Amino acid sequence: MTRLLDVTDLRVAYGAVVAVDNVSLTIDEGEIVGLIGPNGAGKSSFIDALTGAIPNRGGSVVFEGGSLDRLASHSIARRGLMRTFQSVELFDDLTVRENLQVAAEQPTLLSMLADLVRPSKPKGVDDIAWASTLCDLDDALDRFPSELSHGQRKLAGVARALAKRPRLVLMDEPAAGLDTDESIAFGQRLRSLPGHGVSVLLVDHDMELVLGVCDRIYVIDFGSVIASGTPDEIRKNDRVIEAYLGGHDVKA
Amino acid sequence: MSAFLLFVLLGLGAGSVYALLGLGLVLKYRSTGVIDFAHGAIAMFSAYVFVNLRSTGVLELPWPVIPHEIPLTAGGQAMDLAPALVITLVYGTVLGLLLFLGVYRPLLQASPLTKVCASVGVMLFLEATAVLNFGTTSLASSPILPSEPIRLAGIAFPSDRIYLAGIVIVVAAVLLVVYRWTKFGLATRASAENETGAALIGISPVSVAGRNWVIASFLAAGSGILITPISSLDPTSYTLFVVPALGAALIGRFQSFGWTAVAGLGLGIVQSELIKLQTIFTWLPQQGLSDGVPFVIILITMTLSARRLGARGNAGTWRNPRLGRPSRPLLTSIITFVIGLIILVLLQGSLRAAFMSSIITMCICLSLVLLSGFIGQVSLAQMSFVGMGAFILSHLAGDLGIPFPFSLILSALLVVPIGILIGLPALRVRGVSLAVVTLATAAAMDALVFSNVGFTGGLGGRKVAPPSLFGLNLGISDGKIYPTITFGVLLLVIVVFVGYCVARLRTSATGRMMIAVRSNERAAAYMGIRVAPLKLYGFALSAFIAGIGGGLLAYQQGTVSSSSFAVFTSLTVLAITYVAGIGRIAGAVIAGLMFSSDGLFVSFLDDVIHVGQYQMIVAGIALAITAIGNPNGVASEMAGEKGIALRIVKLRDRVFPTSKPPALSPQPVIAVAKVRK
């Protein structure tokens, strides 16, 4: 397996509050890695820091052999590291198809000038069809985000990230707000992604989903990694049970 | 040295007014999120009321035509200072409260752009009413504050400046204390911070806002009265006081009373010192320096520091104006061209000229559809681009003798760097702050560039050589007929082509990126969009289109003069485009035909029912009402389910049927929709 992402000693502080405290994490090609932790454990800060939203973070991030330190969000996306949002954040004024197109297309300055007179042929048509089919959005493509159900909006957010054909997607609570059936269906879709060359870092509260689909899991609390390992190891880890599961065993 | 001190002290006069108006703007913004461009107009109107009471004892009501004069003294005697003061202060306060209840209260949850347009409507209305009721000749007024000279450090200066500055300091201090330590101040700060939260703990944001407006209007009326002895009174220049006041409020981040007061006084002093400097250094530009430099300072500080405006948590979740979705732009363009041609041939004389004005306005509005509609960047400097285009063309075609169409294209291209320059602050500031920064730019351009006699030909303006191609005269006049059909065709060809390009852009990859940035800048960056170059690209394109509009305007007028591009013309253009539908090509068309003040519809009304002198008043009221009633614009309404636009589109598609390719629907990779546990 080749190493895809290598995070060393990532640190994020807001003033005196340390949100992410020297977290190290690796993801190999074809892996689905989980990141779990209680509310306020620093999960979203971790994703923000990886995708260029927090400029003065500590530590180093290496993606596909290249450093992501000090890169702007758009450059990180162009290197094939995409993310989804806890609050979906679709472009409300565009249809689902156009949302996907925005991610899939990469206009140059020349094509931007040409767009005034003779629009270039839509690019990335295959990528968009692939992403929308994978997320079961084919019937919703020409609708606006406001016309979709909450679950569909979540999926549209995932599809938008996938439409760029990324190497790695960071998913911030993609299953939050989905019902159990939807969550299971979503897990199945997720499992098929490595077969398409996409690795995943899954951040979620839904223990069943995370334990069910992930190859490896990191557990963080108060900004630090308190445990890591396979789902089986995590289930049996005393510190995890204490910090996150509140002493209860979880049925898979 | 003492001469410089004298000018510092003299500058306190205007500075005090900027400060007092600025404080009122802060109050209004903090309590309602409205940047009230009509704030200066309220001061102006109150000043007129005061001057009239003091000279003839007549109370002037804020409307034209229907009786608006109430004599309060017997036989037209002048009223004493004290009652005149009290009546005017009450008058200004009530006027502000009525405007709040009638216009701004219904807009509390509206988008910032809607609020801007409504306040522009109010401003136009008050200014036009003042012009009708009081005329445009400047009035002087007797002093209110004691103004016998004071001697200090060897110089003599009028003492009222010291009193004025004292009033500003006292007002700012009182506001500071009230908003920091009283329950009312706490409620205001709470509802500015989080409207929903404040409502939940029993604070009524509407009543808080209303009370703040009362205070702000009181201050506006007060500053209107105080300035009359210092600056001669006329409708336009008093209304324009709002621009430096906005600058002061901006430096105070629309939040800090102290900084706003200091900035207002500072702006006044800088202006005054610049006048002194002009007399010493004769190589300095002799026009506009004192008016322009403060705005340059504001511009630079805002761009470099990129400070956000004070927090305003709004309970409403407003949406951007709806966008159009042009289908079959080529066909629509051809049909539009043919219809335009028919109108051109059918109309004659002044109405044909008015139709030409409409077409040119459409071009200018298209530049805003692209910039504010698609990318969501508010620009209040659009007419500055237009003016630059017009004057550059007059130089290129005149002195340099560059032939049409190269002169037109080159002049528009030369406007592009200016557009990019004005777009630079947009990389740091957003929304309402951007609106104010671009307004400061427009004011700076007005004072520094458009007052330059060498560039703009001064009051007489500059002549523009008519366009000709292969020896064929395309100008608006051929010696016998005015205006010629050939010139109309030229306009139609160019503007329809611009409209076609903007429509094409809307459905292209670039257009989608622009709309993505408008919807959610943060998410757009995460999707790999370079937001900053895209915004600058939008400013560049918009400036180019506006520059073309300027060139066409120059050809139409024959002689361009800088008065056509004064600061508030940009506000009007944004407002009419917004009201007509800023997210649509059709919006630009409607703005040009229906709302443009020298356009076809208004000229037609003028011909039939002679609305001429009331035109601005009608425009102002229409603007405010449309902003309140129809935040998506007229074109959006027409494009609705039963709208006329949909019928036109259906008619078009019936006459020119299209064969649609079958929709692609690949089978899902995963057929699992729902799995039972």
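Residues numbered from 1 in each chain as written. Chains lettered and ligands numbered in written order. Predicted model: local features only at pLDDT ≥ 70, side-chain atom pairs only at ≥ 80, totals over all residues.

Examining the overall build of chain A
Logical step 1: Summing up its helical and strand segments, chain A has 10 helices and 10 strands in all.
Logical step 2: Relative to the compact-globule value of 18 Å for 252 residues, chain A shows a C-alpha radius of gyration of 18 Å, a close match.
Logical step 3: C-alpha atoms of chain A, sized along the principal axes, occupy 65 × 40 × 35 Å.
Logical step 4: Relative to its 252 residues, chain A shows a buried fraction of 47%.
Logical step 5: Long-range pairs, those at least 24 residues apart, make up 66% of the contacts in chain A with a sequence separation of at least 6. (Helix = DSSP H or I, 4+ residues; strand = E, 2+ residues; numbered from the N terminus. Rg over C-alpha atoms; globule rule 2.2 N^0.38 Å. Buried ≥ 20, exposed ≤ 12 C-beta atoms within 10 Å, placed from the backbone. Contact = placed C-beta atoms within 7 Å.)

Focus on the sheet that holds strand β5 (residues 66-67) of chain A
Residues and elements named next belong to chain A.
Logical step 1: Overall, antiparallel pairing links the four strands, which are arranged β2-β1-β4-β5 in an open sheet. Each edge of the open sheet is held by one strand with a lone partner, namely β2 (17-28) and β5.
Logical step 2: As paired elements, strand β1 (residues 3-14) and strand β4 (residues 58-63) share five bridges and run antiparallel to each other. Residue pairing for β4: Asp6 is matched across the bridge by Val62.
Logical step 3: Relative to the sheet, helix α1 (residues 43-50) contacts β1, β2 and β4, its axis offset from that of β2 by approximately 65°. (Pairing = 2+ DSSP bridges. Axes fitted to C-alpha atoms, helices over the stretch in contact; angles between N-to-C directions.)

Quick look at the domain arrangement of chain A
All names here are of chain A.
Logical step 1: Taken as a whole, chain A is organised into domain 1 (1-80 + 166-252) and domain 2 (93-165).
Logical step 2: If you average the C-alpha positions of domain 1 and of domain 2, the two centres end up 25 Å apart.
Logical step 3: Taken together, the 10 residues of domain 1 in the interface contact 10 residues of domain 2.
Logical step 4: Looking at the side of domain 1 that touches domain 2, its residues break down into seven nonpolar, one polar and two charged. (Domains from an automatic or database assignment. Nonpolar A, V, L, I, M, F, W, Y, C, P; charged D, E, K, R; others polar.)

Considering the confidence of the model for chain B
Residues and elements named next belong to chain B.
Logical step 1: For chain B, per-residue confidence averages 83 on the pLDDT scale, and 91% of positions sit at 70 or higher.
Logical step 2: The low-confidence segment residues 661-677 (pLDDT under 50) makes 22 contacts with residues lying over four places distant or belonging to another chain.
Logical step 3: Across the whole predicted complex the pTM is 0.87, and at the interface the ipTM reaches 0.90. (pLDDT = per-residue confidence, 0-100.)

Details of the interface of chain B and chain A
Logical step 1: Tallying the contact residues gives 35 residues for chain B and 39 residues for chain A.
Logical step 2: Those elements that provide at least two residues to the side of chain B that touches chain A are α19 (485-507), α20 (509-519) and α21 (521-526) of chain B.
Logical step 3: If you tally residues by element for the side of chain B that touches chain A, the top one is α20(B), at eight residues.
Logical step 4: For the side of chain B that touches chain A, the class distribution of residues is 21 nonpolar, eight polar and six charged.

Some remarks on the packing of helix α23 (residues 567-581) of chain B against helix α24 (residues 585-595) of chain B
Residues and elements named next belong to chain B.
Logical step 1: Where α23 contacts α24, the axes come no closer than 8 Å and their chain directions differ by 115°. When you trace α23 past α24, the crossing you get is right-handed. Contacts between α23 and α24 involve Ile576, Thr577, Val579, Ala580 and Gly581 from the former and Ala586, Gly587, Ala588, Ile590, Ala591, Met594 and Phe595 from the latter.
Logical step 2: Taken together, the residues that form the contact of α23 with α24 break down as nine nonpolar, three polar and no charged. (Left-handed = near helix turned anticlockwise from the far one by under 90°.)

Looking at helix α4 (residues 112-134) of chain B
Residues and elements named next belong to chain B.
Logical step 1: In a regular helix each residue adds 1.5 Å, so 23 residues correspond to 33 Å; α4 covers 32 Å between its end C-alpha atoms and thus fits that length.
Logical step 2: When you tally the buried positions in α4, you get 20 out of 23 residues, the bulk of the element.
Logical step 3: Downstream of α4 by a residue or two, Gly135 has a phi angle that is positive, lying close to 80°. (Expected span 1.5 Å × (residues − 1).)

Quick word on the sheet that holds strand β6 (residues 81-83) of chain A
Residue and element names in this part refer to chain A.
Logical step 1: Spatial ordering of the open sheet is given by β6-β7-β8-β3-β9-β10, a layout of six strands whose pairing is mixed. The open sheet terminates on both sides in strands that have one partner only, identified here as β6 and β10 (224-229). Taking each pair of neighbouring strands and ignoring which way they run, the sheet shows an average axis angle of 20°.
Logical step 2: As paired elements, β6 and strand β7 (residues 168-172) share three bridges and run parallel to each other. Residue pairing in the sheet places Met82 in a bridge with Val169 of β7.

Thoughts on the environment of Glu105(A)
Logical step 1: Along the chain, Glu105(A) falls in the loop between α3 (96-104) and α4 (109-114).
Logical step 2: Sequence-wise, Glu105(A) and Lys164(A) are 59 residues apart; in three dimensions their C-alpha atoms are separated by 7.7 Å.
Logical step 3: Excluding residues within four positions of it along the chain, Glu105(A) makes contact with Lys123(A), Gly124(A) and Ala509(B).

Topic: helix α8 (residues 205-227) of chain B
Logical step 1: Between its terminal C-alpha atoms α8(B) stretches 33 Å, which fits the 33 Å expected from 23 residues at 1.5 Å a residue.
Logical step 2: Burial runs high along α8(B): 18 of the 23 residues are buried.

A word on the domain arrangement of chain B
Residue and element names in this part refer to chain B.
Logical step 1: The domains assigned to chain B are domain 1 (2-305) and domain 2 (357-653).
Logical step 2: Taken together, the contact pairs 38 residues of domain 1 with 37 residues of domain 2.
Logical step 3: Of all the elements in the fold, those that place two or more residues in the side of domain 1 that touches domain 2 are α4, α10 (242-251) and α12 (289-305).
Logical step 4: Counting residues per element, the side of domain 1 that touches domain 2 draws most heavily on α4, which supplies 14 residues.
Logical step 5: In terms of residue class, the side of domain 1 that touches domain 2 is built from 28 nonpolar, nine polar and one charged.

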